[in-house]
Amino acid sequence: GGSQRFWTPLRVLIFTSLLFLAGGFLTKANCIQGSRSPEGVISLNWSGNRQYTSACYNDIVPLYAGRGLDMPGFPYAFSWQEGDLTRYMEYPVLGGIFQWICAIITRFIYPIIDALPFHSLPEAGLYFIVTALALSFFWVLVIRMVAELTGNRVWDTVLVAASPLVAVHAFTNWDIPSITAVVAAMLAVKRGNFMWAGVLIGLGTAFKLWPLYLLGAYLVLSVRTGKVPNFLKMLAAAVVSWVVVNAPVMLMYPNAWNEFLRLNRERGAEWTTIYQVIDRNIPLSFNDPATLNVISFALFGLSCLAIAIFGLRVQRQPRVAELAFLIVAAFLLFNKVWSPQYSLWLVPLAVLALPRWKLLLTWMVVDAMVWPVLMWHMLGAENMGIPHEMLDLIVLLRDGFIVAMVVLVIRQMCGLAAD
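Here is what the cut-offs are and how they apply
Residues numbered from 1 in each chain as written. Predicted model: local features only at pLDDT ≥ 70, side-chain atom pairs only at ≥ 80, totals over all residues. Heavy atoms only, no water. Helix = DSSP H or I, 4+ residues; strand = E, 2+ residues; numbered from the N terminus. Rg over C-alpha atoms; globule rule 2.2 N^0.38 Å. Contact = heavy atoms within 4.5 Å. Areas by Shrake-Rupley, 256 points an atom, 1.4 Å probe, with all protein chains shown as cover. Lys, Arg positive; Asp, Glu negative; His and termini not counted. Charge placed at Lys NZ, Arg CZ, Asp CG, Glu CD. Disulfide = S-S within 2.5 Å. Buried < 20%, exposed > 50% of the residue type's maximum accessible area, 1.4 Å probe, protein only. Phe/Tyr/Trp six-rings, centres within 6.5 Å; stacked < 30°, edge-to-face > 60°. Patch = residues over 30% accessible without salt bridge, like charges linked within 9 Å, V, L, I, M, F, W, Y side chains within 5 Å. Salt bridge = Lys/Arg side-chain N within 4 Å of Asp/Glu carboxyl O. Axes fitted to C-alpha atoms, helices over the stretch in contact; angles between N-to-C directions. Parallel < 35°, antiparallel > 145°, perpendicular 65-115°, else oblique. Left-handed = near helix turned anticlockwise from the far one by under 90°. Nonpolar A, V, L, I, M, F, W, Y, C, P; charged D, E, K, R; others polar. Expected span 1.5 Å × (residues − 1). Pairing = 2+ DSSP bridges. Polar contact = N/O pair within 3.5 Å; in protein donor to acceptor, adjacent residues only side chain to side chain.

Draft legend 1. Quick peek at the overall build of the protein chain. In terms of helices and strands, the protein chain carries 19 helices and four strands. Its C-alpha radius of gyration of 22 Å places the protein chain within 12% of the 22 Å reference for a compact globule of 419 residues. Considered along the principal axes of its C-alpha atoms, the protein chain spans approximately 70 × 65 × 45 Å. Excluding contacts between residues fewer than 6 apart, the proportion of contacts in the protein chain whose partners are at least 24 apart in sequence is 72%. Approximately 18,600 Å² of the protein chain is accessible, and the part contributed by carbon and sulfur atoms is 70%. Put simply, the protein chain has 28 plus and 23 minus side-chain charges, and the middle of one group is 15 Å from the middle of the other.

Here it is as structure tokens:
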């Protein structure tokens, strides 16, 4: 009986998530190694296209020096030239500050590592390790909170803890804190604390833009239930917390603050978006950013309108996870940027909205496969990279699964499927 008490469901879930986070670390480990020069200097070693051949590419390692994080100074004060363009840190304010804190810890610890004889860990490699530990802490919080949100279906949380997408993308970029903020906001509402939920949405939006969409789901529910004052309290708290975090950087480094918006306005479609799949097969010159902005914004806007009308009119009151899942899925499907790690955003929402194990696991495996296929394609034909048709196929398959999940969530909301 003694051993039984130690392995509570939550501990099993956290242990499982740590195993998958360790897997996520190992999938990137080939990109954090360095090589020693005869002078004893250790430089990062990505020789032989290892970032593609072992699919270990991540943004964390190259951006350490690339965004001036390897030097003292505030990240938004750093700039560099790209042709005629002055470039700055392109992440929203809390994202940049999170990277900066990890960098300060790295620069503090690295001399200790460097004193070890014969080691070959470059400073950017240690930065990756520090960042991975910080992100893992946030992911364990996600598991803890999803376990509470699932209520009497606590084992559904296994799908979040053991998601193949975690093993591939936990450390591709800095997406986990924004996911933590979204799940924490949902938990705050469940506990009846609307102001805290708003604060968390505001902070999440200061990490990545997408937590903002959670407000759309709560707006529909508040209109439906006639509890608009609760929503207004949440909205006000979100705005205030976002402004408090953003205002200092906005005022002191306006160009750097605007970089995130400028880049999103001016960039073309990312490799694994539907626009690129069309463009690679039927050259319609979709890749003009101005046209893409209009098309993607219009499609997403119409989707949100449709979700809102449906959410207000459907007979059974929707759950917030169902609405949030539909909004984020629509954003990913129609947005001109779908960095493969964005799929992580959907994991907790999908598990809370549609606890169908076989379907969700199959989707996650297919979605995780997009990454190695993309890396293999990016090697280029001269390095035995695969042709774009294989990439297009896996992208369409992934999108197909997400569309199927959207259809099932809609059916479930209509009461046509088992809850």
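Draft legend 2. Structural view of the state of the cysteines. Taken as a whole and assessed by the stated rule, the structure comprises one disulfide. No disulfide involves Cys-414; its nearest neighbouring cysteine sulfur is the one of Cys-304, lying 18 Å away. Accessibility expressed as a relative area gives 40% for Cys-414, which makes it partly exposed.

Draft legend 3. Up close: the packing of aromatic side chains. This structure, assessed with the given rule, holds 21 aromatic pairs. Look at Trp-7 and Phe-15: their rings are 5.6 Å apart centre to centre, the planes differ by 65 degrees, and that puts the pair in the edge-to-face class. Here the aromatic rings of Tyr-342 and Trp-345 are separated by 4.3 Å at their centres, their planes lie at 20 degrees, and the arrangement is stacked. Each member of the pair, Tyr-342 as well as Trp-345, is classed as buried.

Draft legend 4. Up close: a nonpolar patch on the surface. Nonpolar side chains collect at one region of the surface, where Leu-219, Val-223, Val-228, Leu-232, Leu-235, Val-239, Val-243 and Leu-312 lie side by side and expose about 600 Å² of accessible area between them. For the nonpolar patch, the secondary structure elements donating two or more residues are helix H11 (214-225) and helix H12 (228-252). Ranked by the residues each element gives to the nonpolar patch, the list is headed by H12, at five residues. Topologically, Leu-235 is positioned in helix H12. Exposure remark for Leu-235: the relative accessible area of 31% places this residue in the partly exposed category.

Draft legend 5. Broad picture of helix H14 (residues 274-281). Within H14, the full set of buried residues consists of Tyr-275, Gln-276, Val-277, Asp-279 and Arg-280. Elements that come into contact with the buried residues of H14 comprise helix H15 (289-313), helix H16 (320-334) and helix H19 (388-413).

Draft legend 6. Geometry of the packing of helix H18 (residues 357-378) against H19. Here H18 crosses H19 at 155 degrees, and the two axes come no closer than 9 Å. Judged by the inter-axis angle, H18 sits roughly antiparallel to H19. Between H18 and H19 the crossing geometry is left-handed. Each of Leu-359, Leu-360, Thr-362, Trp-363, Val-366, Asp-367, Met-369, Val-370, Val-373, Leu-374 and His-377 in H18 lies in contact with H19, whose residues at this interface are His-388, Met-390, Leu-391, Ile-394, Val-395, Leu-397, Arg-398, Phe-401, Ile-402, Met-405 and Leu-408. The class makeup of the residues in the contact of H18 with H19 is 17 nonpolar, three polar and two charged.

Draft legend 7. The arrangement of the packing of helix H17 (residues 343-353) against H19 in detail. Close contact between H17 and H19 brings their axes to 12 Å; oriented N to C, the two are set at 30 degrees. As judged from the angle between their axes, H17 and H19 are roughly parallel. Along this stretch, H17 crosses H19, giving a crossing that reads as left-handed. Each of Ser-343, Leu-346, Ala-350 and Ala-353 in H17 lies in contact with H19, whose residues at this interface are Arg-398, Ile-402, Met-405, Val-409 and Gln-412. Considering only residue class, the contact of H17 with H19 consists of six nonpolar, two polar and one charged.

Draft legend 8. Just unusual backbone geometry, in detail. Positioned with a positive phi, Asn-49 is a non-glycine residue whose angle comes to about 55 degrees. Turning to its location among the elements, Asn-49 is positioned in the loop between strand S2 (42-44) and helix H3 (50-53). The partly exposed category is assigned to Asn-49, whose relative accessible area is 27%. Phi is positive for Met-384, close to 65 degrees, though the residue is something other than glycine. Note on placement: Met-384 falls in the loop between H18 and H19.

Draft legend 9. Examining helix H5 (residues 93-114) more closely. In a regular helix each residue adds 1.5 Å, so 22 residues correspond to 32 Å; H5 covers 31 Å between its end C-alpha atoms and thus fits that length. Where H5 is concerned, the buried positions are Val-93, Leu-94, Gly-95, Gly-96, Phe-98, Gln-99, Cys-102, Ala-103, Thr-106, Tyr-110 and Ile-113.

Draft legend 10. Quick look at the pairing of strand S4 (residues 85-88). In this sheet, S4 lies alongside strand S3 (residues 79-82) in antiparallel orientation, the contact comprising four bridges. Note on S4: the bridge partner recorded for Gln-81 is Thr-86. Adjacent in sequence and paired antiparallel, S3 and S4 are bridged by two residues, among which Gly-83 carries a positive phi angle near 65 degrees.

Draft legend 11. Region of interest: the environment of Val-168. Positionally, Val-168 belongs in helix H8 (residues 164-169). For the pair Val-168 and Val-239, spaced 71 residues apart in the sequence, the C-alpha separation amounts to 33 Å. Ignoring anything within four residues of it in the chain, the contact list for Val-168 reads Thr-27, Lys-28, Ala-368 and Trp-371.

Draft legend 12. Inspection of the side chain of Arg-67 at higher detail. Mapped onto the elements of the fold, Arg-67 is located in the loop between helix H4 (60-66) and S3. A distance of 2.7 Å separates a polar atom in the side chain of Arg-67 from a polar atom in the side chain of Glu-90. Apart from the residues lying within four places of it in its own chain, the contact partners of Arg-67 are Phe-78, Trp-80, Arg-87, Met-89 and Glu-90.

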